[in-house]
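For reference, the chains in residue letters:
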Amino acid sequence: MTTARFAVLLLVCAVGAGAATFGTTYPLLGEFSDLALDEARSLVYVANFTASRIEVFSTASRTWQPPIRLGINPSALALSPDARLLLILNFGSPSMFLYNIDSRSVQTVSLPHVPRAAAFGSDGAALILTSTPQLGGQVLRYDPATGALLPLRDITSLLGEVPVQQPAFPAEIVNARMAVSQDRNTIFVVGSIALNTHFAFHYSVPTQAFTSRCASLAREPVRFASISPDGNRFMGGHMLFDRS
């Protein structure tokens, strides 16, 4: 087991002092794959992939809190718009945990394939990207209120023909990210189908429409996804897109 360092950026301004302290690291045993910010509780949830649990960091006290002992190689996290539910995706199993932060109750949701990334939209439902060898990946919609799990699109049908050098060997790693606009009406998704084939698209929550952004060969893994507050610009790894 290796020791990773979790960095919390802290900017402390002193009036008239002209100096600032920027950046503090906190040791964390394991390797983390994703995090979710809970502003209402001043907490950060960190998916510890190798320890199979969710670490909890307090931004108020700047200390690690008792972990949430859930996750089977947790690959991604998503916090609901009302900050009541934490979705924990299990890369080590075709399933996910729905954790109620207030009551600490847990619901296990079975999935058709191993999940890779997730994000909640403005409608309170979560968009989930799974890994499927034949289809390159599948996008699902999960509604926690009803428990309904609906398949929306296959990645190959969304992007059409994509250049894959090794179609028989899809990526066996967590190589996908999602980002949500400030109003949660747009979800940006970037990931890979094969070890060297990347894709990107965005999803409109109100219309449930998909828009393909690209499918291309690339050597770098997908490390992050981000979206502008108004949902008009997207960035995934080294790729930058405009909505138009």
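Refer to the preceding data block for the structure.
Just so we're clear, the structure is a prediction, and the values are computed from it rather than from any experiment. (Residues numbered from 1 in each chain as written. Predicted model: local features only at pLDDT ≥ 70, side-chain atom pairs only at ≥ 80, totals over all residues. Heavy atoms only, no water.)

(A) Focus on the sheet that holds strand β5 (residues 53-58). As summarised here, the arrangement of the four strands in space is β3-β4-β5-β6, forming an open sheet in which the pairing is antiparallel. Across the chains shown, the open sheet's two edge strands, defined by having one partner strand only, are β3 (32-38) and β6 (63-68). Averaged over all pairs of adjacent strands, the angle between strand axes in this sheet comes to 25 degrees, irrespective of strand direction. Relative to strand β4 (residues 43-48), β3 is paired through six bridges, and the arrangement is antiparallel. When the sheet's bridge partners are listed, leucine 37 is paired in β4 with valine 44. (Pairing = 2+ DSSP bridges. Helix = DSSP H or I, 4+ residues; strand = E, 2+ residues; numbered from the N terminus. Axes fitted to C-alpha atoms, helices over the stretch in contact; angles between N-to-C directions.)

(B) Inspection of the pattern of salt bridges at higher detail. In this structure the tally under the stated criterion is five salt bridges. With a shortest N-O distance of 3.6 Å, arginine 84 and aspartate 82 are connected by a salt bridge. Between arginine 141 and aspartate 123 there is a salt bridge, and its shortest N-O distance comes to 3.0 Å. Highlighted residues: arginine 141 in strand β13 (residues 138-143) and aspartate 123 in the loop between β11 (114-120) and β12 (126-131), separated in sequence by 18 residues. By relative accessible area, which is 35% here, aspartate 123 ends up partly exposed. One salt-bridge network, in which partners are shared between bridges, spans Asp38, Arg41 and Asp102. (Salt bridge = Lys/Arg side-chain N within 4 Å of Asp/Glu carboxyl O. Buried < 20%, exposed > 50% of the residue type's maximum accessible area, 1.4 Å probe, protein only.)

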